[in-house]
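Here's the letter readout for the chains.
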Amino acid sequence: MNEQQSNHYDVIIIGAGAAGLMCAQVAGKRQRRVLVLDASDKIGEKIRISGGGRCNFTNLHASPSNYLSHNPHFCKSALAQFTQHDFTHMVEKHGIAYHEKTLGQLFCDGSSKQIITMLLDECRRGKVEVRTGERVKSVKKMDEGFSVCTDTMAYLCNKLVIATGGLSIPKIGATDFGYRIAKQFSLPVIEPRAGLVPLTFDEAVLSLIRPLAGIAVDAVVSCGKTAFREGLLFTHRGLSGPSVLQISSYWHDGDAITVNLAPNTDMFDWLKQRRNQTPKQDIHTVLTEVLPKRLALMLLERTGISGTLADLSNAKFETLERVINRWQIIPNGSEGYKTAEVTLGGVDTTALSSKTMECRTVEGLYFIGEVVDVTGHLGGFNFQWAWSSGYACGMA
Ligand code: FDA
């Protein structure tokens, strides 16, 4: 093989993350000569840090309804081509022990590194070449195929796959490369923004939240017509926890969110009932039956309500119902890409084939994974999109 041939591949995939590695092993096993290039020295860093080091690699209930996109139908084809059960089967084949944590979320029993090892094993079987520390600087369309230049090398390929992910966690190598390539080829890009991210508040609200830092409650958090019931965590910077991360993907600047801090209890009816049953009980004692002590105290201080149940009017109960079952607050922003789990928006799906992920206007150019305007809920859905879109592209 001469120098020129050795740098010529059937497929080059830019990005050795979840989507890139999945695509590479599928294409490699289909006898394509595949090269994966990644700027980072480490492969699959996001897989490694995911799920607290245990990788929530898929979700038993994954379906198109778990994804946000300007075209909610776009993800259907890829998700059907390679399902959560297909990925779980692969995990089982590699002898990786896993468990369902909650709500269909599947995690490794051991370490997320097992998933990286599995993908690299599959890549080896497909004779895929993976080169790390190779930041791609530029891409050019040739008469046939593409040229791809890194700091040190130039490569040629027939098909080019962009799997460079989104903007979240720049510290571990997130770049806007995929969006720049899209723009270079005049493909529309839906404005990216941080998703699955803690929400922040101005001082008036933060001064209430800050003293509660560390407290977690089961809550329903809603924004418009969308609501999630999961844990909510008070932090020094604002609100976090699964329910808040979920709603952050639906939240836009200026929107209010509504928090129900006691979703099992209609506070108004319950307090009236308790006043009949135990009129001499102090309101603080009663509230601690449904809320953590510190939270109950803060709400009573804030509303100026105190005394025994017998002392309290229905109007006071209504006030408590409002601040506990319907606490309305307006975030002033989010923690941004520094802590966001995903990037919403990305390459507009109108530019891509939902079956193959190929660009409609640029033959041989594909986009997969998080760089595309398909974003999953929290709970293993984003990896499932990476596996499914990577598979669909690899098969094409
Ligand atoms: P990904 O970002 O994984 O990979 C892109 C790759 O491209 C990177 O390796 C990068 O170095 C490389 N690259 C970028 N620019 C380049 C250039 N110019 N040249 C060469 N290489 C370049 N999801 C889930 O389902 N379950 C979970 O448990 C979690 N947990 C989680 C925790 C944390 C902290 C984060 C930040 C995210 C998650 N996620 C998650 C989301 C999930 O990690 C994410 O959606 C996928 O990793 C996206 O996979 P991609 O392959 O698309 O991009």
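What you see is a predicted model; the values in this text were computed from it and never measured.

The rules we used
- Residues numbered from 1 in each chain as written.
- Predicted model: local features only at pLDDT ≥ 70, side-chain atom pairs only at ≥ 80, totals over all residues.
- Heavy atoms only, no water.
- Pairing = 2+ DSSP bridges.
- Helix = DSSP H or I, 4+ residues; strand = E, 2+ residues; numbered from the N terminus.
- Axes fitted to C-alpha atoms, helices over the stretch in contact; angles between N-to-C directions.
- Contact = heavy atoms within 4.5 Å.
- Buried < 20%, exposed > 50% of the residue type's maximum accessible area, 1.4 Å probe, protein only.
- Phe/Tyr/Trp six-rings, centres within 6.5 Å; stacked < 30°, edge-to-face > 60°.

1. Section: the sheet that holds strand E3 (residues 56-59)
Working definition: the strands of a sheet are paired by backbone hydrogen bonds and lie parallel or antiparallel to each other.
Thought 1: With respect to topology, three strands assemble into an open sheet ordered E3-E6-E5, the strand pairing being antiparallel. The sheet is open, and its two edges are formed by E3 and strand E5 (98-100), each paired on a single side. The sheet shows a mean angle of 25° between the axes of neighbouring strands, taken without regard to direction.
Thought 2: Sitting on the sheet, helix H5 (residues 84-93) touches E3, E5 and strand E6 (105-108), and the angle it makes with E3 is about 140°.

2. With respect to helix H12 (residues 293-303)
Thought 1: Restricting attention to buried positions, one finds in H12 the residues Leu295, Ala296, Met298, Leu299 and Leu300.
Thought 2: Packing partners of the buried residues in H12 comprise helix H8 (203-209), strand E13 (216-223), strand E14 (226-234), helix H11 (283-287) and helix H13 (314-325).
Thought 3: Two residues or fewer past H12, Gly304 is found with a positive phi of approximately 70°.

3. Some remarks on the packing of aromatic side chains
Thought 1: Throughout the structure, instances matching the rule amount to 11 aromatic pairs.
Thought 2: Here Phe57 and Phe87 contribute two aromatic rings whose centre-to-centre distance is 5.8 Å and whose plane-to-plane angle is 50°, an arrangement assigned as tilted. Of this pair, Phe57 sits in strand E3 while Phe87 sits in helix H5, and the two are 30 residues apart along the sequence. Note on accessibility: Phe57 and Phe87 belong to one class, buried.
Thought 3: Ring geometry for Phe228 and Tyr250: centres 5.8 Å apart, planes at 45°, overall tilted. Taken together, the residues Phe228 in strand E14 and Tyr250 in the loop between helix H9 (242-248) and strand E16 (257-260) connect sequence positions 22 residues apart.

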